[in-house]
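# Fold and geometry: a report
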Amino acid sequence: MNTYEKTIKNKNIYTGKVVTLDIETVILPNDKIAEREIVRHPGAVAILPIDNSGNIYFVKQYRKAIDSELIEIPAGKLEAGEEPIECALRELQEEVGYTSNKLTYITRIFTSPGFADEKIYIFKAEDLRKSKLNKDDDEFINIYKYKVDEAFEMIKNGEITDAKTIIAMLTIFKL
Ligand SMILES: [Mg+2]
């Protein structure tokens, strides 16, 4: 069955620093017309840093969208023209103060394809070396270290609920 939706009109509602919101009018496969609300995002990277003793570095920060603190692996938005691997090394230094001599691309995920095009590239960072870059001055972050087993326990008991973090844990340690 053909499932393609052809856009016949695109109306930009909002253009912000992080996202844009468009309403696209589309023709459905049955020739009916529908509107799709689409959030466009430049994409991001998430990095799971693990040291030689098996500690994984997590960041805890307040997320306004959900009005709650969240434990996550370090992550950040791609800058214009930036390759995911460069972004991963930059965010690792900005958020946890390390660089990596062994950065491995793991996979990429679409976070909410029902309404957003955001894609996150996931990396594993090993052979960590201290190297600090100043973080964005609107980011307030606390760093925590957990062992792999502890982190999986926190996923099971609901202390870790961030999707990219859970997917990184599963793809790196269980696949
Ligand atoms: Mg970040």
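Residues numbered from 1 in each chain as written. Predicted model: local features only at pLDDT ≥ 70, side-chain atom pairs only at ≥ 80, totals over all residues. Heavy atoms only, no water.

## Considering helix 2 (residues 148-156)
What counts is decided by this rule: Think of it in three bands: with a 1.4 Å probe and only protein chains considered, a residue is buried below 20% of the maximum accessible area for its type, exposed above 50%, and partly exposed in between. Per the convention used, a helix needs a DSSP run of H or I reaching at least four residues, while a strand needs a run of E reaching at least two, with both numbered from the N terminus. Working note: the arc is built from the helix axis to C-beta atom directions. Any two residues whose heavy atoms approach within 4.5 Å are treated as being in contact.
Of the residues making up helix 2, those classed as buried are V148, A151, F152, M154 and I155. Along the long axis of helix 2, the arc covered by the buried residues comes to 155°, so they all point the same way. In this structure, helix 2 carries D149 and K156 as exposed residues pointing more than 90 degrees from its buried face. Considering only its buried residues, helix 2 is in contact with strand 5 (55-63), strand 6 (68-72), strand 10 (142-147) and helix 3 (163-173). Phi for G158, located one or two positions after helix 2, is positive at around 85°.

## Some thoughts on the UniProt feature "domain: Nudix hydrolase" (unreviewed entry) in the protein chain
Applicable threshold: UniProt positions are given in the numbering used here, feature names are shortened, and annotations may be inferred rather than shown by experiment.
As recorded in UniProt, the sites labelled "domain: Nudix hydrolase" (unreviewed entry) are residues 39-168. Secondary structure content for residues 39-168 is 21% helix and 43% strand, and the end C-alpha separation is 23 Å.

## Quick notes on the coordination of the magnesium ion
For clarity, the threshold we go by: For Na, K and Ca the donor cut-off is 3.2 Å, while for other metals it is 2.8 Å, and in both cases only N, O and S atoms qualify; water is not among them, so sites may look incomplete.
Coordination sphere of the magnesium ion, protein contribution only: A75 (O), E95 (OE) and E139 (OE), at 2.1 to 2.6 Å. Coordination of the magnesium ion draws on donor residues from a single chain, spaced A-x19-E-x43-E in sequence. Placement of E95 in helix 1 (residues 84-95) and of E139 in the loop between strand 9 (119-130) and strand 10 is noted, with a sequence separation of 44 residues between them. In this pair, the class of E95 matches that of E139, namely buried.

## Overview of the environment of K164
For the record, the criterion: In the analysis that follows, any N or O atom pair within 3.5 Å is treated as a polar contact, provided that within protein one partner can donate a hydrogen and the other can accept it, and provided that, for residues neighboring in sequence, both atoms belong to side chains.
Considering the arrangement of structural elements, one finds K164 in helix 3. Spatially, the C-alpha atoms of K164 and I47 are 9.5 Å apart, while their sequence positions differ by 117 residues. Here E72 takes part through its side chain, which lies 2.7 Å from a polar atom of the side chain of K164.

## Brief notes about the pattern of salt bridges
Convention followed: Salt bridge, as applied in this entry: a Lys or Arg side-chain nitrogen positioned within 4 Å of an Asp or Glu carboxyl oxygen.
For the structure shown, the criterion picks out 15 salt bridges. Across the pair K124 and E126 runs a salt bridge, and its minimum N-O distance is 3.7 Å. Per residue, the accessibility class of K124 equals that of E126, and both read buried. Several salt bridges converge on common partners, so that one network encompasses E79, E82, R90, E91 and E94.

## Concerning the sheet that holds strand 10
We count it as follows: When DSSP locates at least two bridges between a pair of strands, those strands are taken to pair. Here the axes come from fitting lines to C-alpha atoms, over the contacting stretch only for helices, and the angles between their N-to-C directions go from 0 to 180 degrees.
Taken in spatial order, the three strands line up as 6-5-10 in an open sheet, and their pairing is antiparallel. The open sheet terminates on both sides in strands that have one partner only, identified here as strand 6 and strand 10. Averaged over all neighbouring strand pairs, the angle between strand axes comes to 30°, with direction disregarded. On top of the sheet, helix 3 reaches strand 5 and strand 6; it is set at about 165° to strand 5, its chief contact.

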